[in-house]
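In case you want the letters, here they are:
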Amino acid sequence: VESITVWGGEKNTERMYAKMFVSIKPKNSDNLSETAKVLIRNNLVKRYGIIGSNIVFMKPEFVNLDLTINVKLSKLAAVDKDTVESEMTQKAEEFNNTVLNKFDTIYSDTEFINYLRNDTDYITSIFTQKILSKKVYFDKGKNTRYHIIMGNPIANIKSDVFQYGLYTAYLKNDEEYLYVYDSNTDQKLTGVNLGTVQFDTGDIYFDVPRDLTSDNINIICQPLNPDIETYLNNIVRFSNITVKVSE
């Protein structure tokens, strides 16, 4: 086990009292196998006397950061841009592996920038830009309302393109409501909204339409705060790292 978090069902949006929720991220993998879940459940029942039916396993949910690092070099810097790009990328990957990518850790912009600046003398200024995304999996053909917890104040919701019946489409917000748009015309395919967004908390509610042929949607949004927090079984991690160097 690399990381584990446990919470009571009273913390869920739909409160489930007397339930213990467990989410585990194993080493070198994102999810537990079914065999491992059975072994852990039996061990909890045997060791602590917890009723097996009261233990609910939840998969880790990943809040992915598409990160851009903008570096301005000192005029006296004796280092080329390619070297800086390589060093900044390596440091970002180290930060992702040692600080992030586990439960109950936050992305602190100040901490990360200080980490990048450490042991360097060629940086005049440095700042980051971030886009959040979260992939949601569901059962095809079922009209089900899903609750996506980004766990941070957000803006400008949009999804990756997906197949919607005969159309190639995407989800996008119009104010606090979510609609399906034709990716070729950027026009709404229906006037009926599929869900709502609470921008101040990062909670997204939407109904999966039957005409959706894929089994997942990747939701993309803009964070409003420089720091990115976690909540319950959310894990924050870098999904993509881009370094832009200027003089």
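The structure under discussion appears in the preceding block.
What counts as what
Residues numbered from 1 in each chain as written. Predicted model: local features only at pLDDT ≥ 70, side-chain atom pairs only at ≥ 80, totals over all residues. Heavy atoms only, no water. Phe/Tyr/Trp six-rings, centres within 6.5 Å; stacked < 30°, edge-to-face > 60°. Helix = DSSP H or I, 4+ residues; strand = E, 2+ residues; numbered from the N terminus. Buried < 20%, exposed > 50% of the residue type's maximum accessible area, 1.4 Å probe, protein only. Expected span 1.5 Å × (residues − 1). Arc of directions from axis to C-beta. Polar contact = N/O pair within 3.5 Å; in protein donor to acceptor, adjacent residues only side chain to side chain. Contact = heavy atoms within 4.5 Å. Salt bridge = Lys/Arg side-chain N within 4 Å of Asp/Glu carboxyl O.

(A) Molecular detail of the packing of aromatic side chains. A complete count under the given rule lists nine aromatic pairs for this structure. When the centroid spacing of 5.9 Å and the interplanar angle of 70° are considered together, the rings of Tyr107 and Phe238 count as edge-to-face. With a gap of 131 residues between them, Tyr107 in the loop between helix H2 (81-98) and helix H3 (109-117) and Phe238 in strand S14 (residues 234-246) connect regions that are remote in the sequence. In terms of burial, Tyr107 and Phe238 fall into one category: buried. Ring centres of Phe112 and Phe238 lie 5.3 Å apart, and the angle between their planes is 65°; on these two criteria the pair is classed as edge-to-face. Separated by 126 residues along the polypeptide, Phe112 in helix H3 and Phe238 in strand S14 bring together distant segments of the chain. In terms of burial, Phe112 and Phe238 fall into one category: buried. Ring pairing ties together the aromatic residues Phe95, Tyr107, Phe112, Tyr115 and Phe238, which thus form one cluster.

(B) Main features of H2. Here H2 spans 26 Å end to end across 18 residues, near enough to the 26 Å set by a 1.5 Å rise per residue. Of all the residues in H2, the buried ones are Val84, Met88, Thr89, Lys91, Ala92, Phe95 and Asn96. Relative to the axis of H2, the buried residues are bounded by an arc of 165° and lie together on one face. Every exposed residue of H2 that faces more than 90 degrees away from the buried side is listed here: Asp82, Asn97 and Thr98. Where H2 starts, the residue carrying a side-chain oxygen 3.1 Å from the main-chain nitrogen of Asp82 turns out to be Asp80.

(C) Examining unusual backbone geometry more closely. Positive phi, close to 60°, is recorded for Asn101, a residue that is not glycine. Of note, Asn101 is situated in the loop between H2 and H3. Given the relative accessible area of 13%, Asn101 is considered buried. Of note in the backbone geometry, Glu175 takes a positive phi value of approximately 60° without being a glycine. Note on placement: Glu175 falls in the loop between strand S9 (167-174) and strand S10 (177-182). On the basis of relative accessibility, which here comes to 59%, the residue Glu175 falls in the exposed class.

(D) Region of interest: the environment of Asp30. Inspection of the secondary structure puts Asp30 in the loop between strand S2 (20-25) and helix H1 (34-48). With relative accessibility at 29%, the residue Asp30 sits in the partly exposed group. A C-alpha to C-alpha distance of 20 Å links Asp30 and Leu67, two positions 37 residues apart in sequence. For Asp30, the residues in contact, after removing those within four places along its chain, are Ile24, Lys25, Pro60, Phe62 and Arg237.

(E) Region of the structure containing the pattern of salt bridges. By the definition in use, this model includes four salt bridges. Among the salt bridges present, the one from Asp109 reaches Lys130, with a minimum N-O distance of 3.3 Å. Here Lys130 lies in strand S5 (residues 123-137) and Asp109 lies in helix H3, a separation of 21 residues in the sequence. Judged by its relative accessible area of 11%, Asp109 falls in the buried class. Taking the relative accessible area as the measure of exposure, Lys130 reaches 8% and is therefore buried.

(F) Spatial organisation of H3. Inspection of H3 places Asp109, Phe112, Ile113 and Leu116 among the buried residues, and these make up the whole buried set. Axial view of H3: buried residues confined to an arc of 95°, hence all on one face. Buried residues belonging to H3 abut strand S4 (61-73), H2, S5 and S14. Two residues or fewer after H3 comes Asp119, characterised by a positive phi angle close to 65°.

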